[in-house]
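Architecture at a glance
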Amino acid sequence: MEKTDESLTNLIEKAKLGNQIAFSSLLNHFWNDVYGFQLIRTQNENDAEDITIQTFSQAFDKIHTFDSSYKFKTWLIAISKNLHVDLIRKRKRNVLQGSESGNTDAIKKVLDDAPSIEDSLITEQNLAALLGYIKKLKPHYQEVINLRYFQELAYAEIAERLGEPINNVKVKLLRAKKLLAEIIKSQKSD
């Protein structure tokens, strides 16, 4: 799905106003770019995925600071690069100190509850089939889907349970829903 500069600018402006569908579109459009960048840097799928989630979390939290005279992808990659550097520093510090220092973020911002295309597709499935599809996701995506849709926890409760910032939870859930929808679509076409 190729986006024009004009439609990307429009999405970014909507995202700055808090439009969740615009956030989701930006995530879907730029996920592979950021993930690919991190996969090359980290040589580790889990680290690349975690940093990519953190990148979008931080970008969505600070989108109001984005300067449109720069490319959005460049801004995302810069955030991602800084997060990777921070991770390396933290790991070095943890090795030297032998302990991990906790990072607590304020829990803020509530997601728009408007159902996305992925939400609609997921709810159309019968429970047994849906559980089978969910089992095809990576464990951390299974967990966030379970907490949100089966235990019906709020984003803040999920963030607390997982010990992660709320924006990480939001991004993980967006990504999990997209991957789940892709699995469902591919099974329907078989």
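Higher on the page you've got the structure.
Below: a short report on this structure. Computed from a predicted model, the values in this text were never measured in an experiment.

**Some words on the packing of helix H3 (residues 45–61) against helix H9 (residues 166–189)**
Packed helices, taken two at a time, are described by their axes: the angle between them and the distance between them. For the pair H3 and H9, the least separation of the axes is 8 Å and the interaxial angle reads 115 degrees. Regarding H3 and H9, the two cross each other, and that crossing is right-handed. Between H3, through Ile 53, Gln 54, Phe 56, Ser 57, Phe 60 and Asp 61, and H9, the contact on the second element is made entirely by Asn 167, Asn 168, Val 171, Lys 172 and Leu 174. Residues belonging to the contact of H3 with H9 are distributed by class as follows: 5 nonpolar, 4 polar and 2 charged.

**Focus on the environment of Arg 41**
Take Arg 41: it is sitting in helix H2 (residues 20–42). Looking at Arg 41, the relative accessible area reads 31%, which means it is partly exposed. Residues Arg 41 and Lys 81 lie 40 residues apart in sequence; the distance between their C-alpha atoms is 8.8 Å. Those residues within four positions of Arg 41 in sequence are excluded, and the remaining contacts are Lys 81, His 84 and Val 85.

**So, a nonpolar patch on the surface**
There is a patch of nonpolar side chains on the surface, built from Leu 131, Tyr 149 and Phe 150 and spanning about 250 Å² of accessible area. Within the secondary structure, Tyr 149 is located in helix H7 (residues 139–150). Take Tyr 149: its relative accessible area is 33%, and that puts it in the partly exposed class.

The rules behind these values
- Residues numbered from 1 in each chain as written.
- Predicted model: local features only at pLDDT ≥ 70, side-chain atom pairs only at ≥ 80, totals over all residues.
- Heavy atoms only, no water.
- Axes fitted to C-alpha atoms, helices over the stretch in contact; angles between N-to-C directions.
- Helix = DSSP H or I, 4+ residues; strand = E, 2+ residues; numbered from the N terminus.
- Left-handed = near helix turned anticlockwise from the far one by under 90°.
- Contact = heavy atoms within 4.5 Å.
- Nonpolar A, V, L, I, M, F, W, Y, C, P; charged D, E, K, R; others polar.
- Buried < 20%, exposed > 50% of the residue type's maximum accessible area, 1.4 Å probe, protein only.
- Patch = residues over 30% accessible without salt bridge, like charges linked within 9 Å, V, L, I, M, F, W, Y side chains within 5 Å.
- Areas by Shrake-Rupley, 256 points an atom, 1.4 Å probe, with all protein chains shown as cover.
- Salt bridge = Lys/Arg side-chain N within 4 Å of Asp/Glu carboxyl O.

Functional significance is not addressed by these values, which are geometric in nature.
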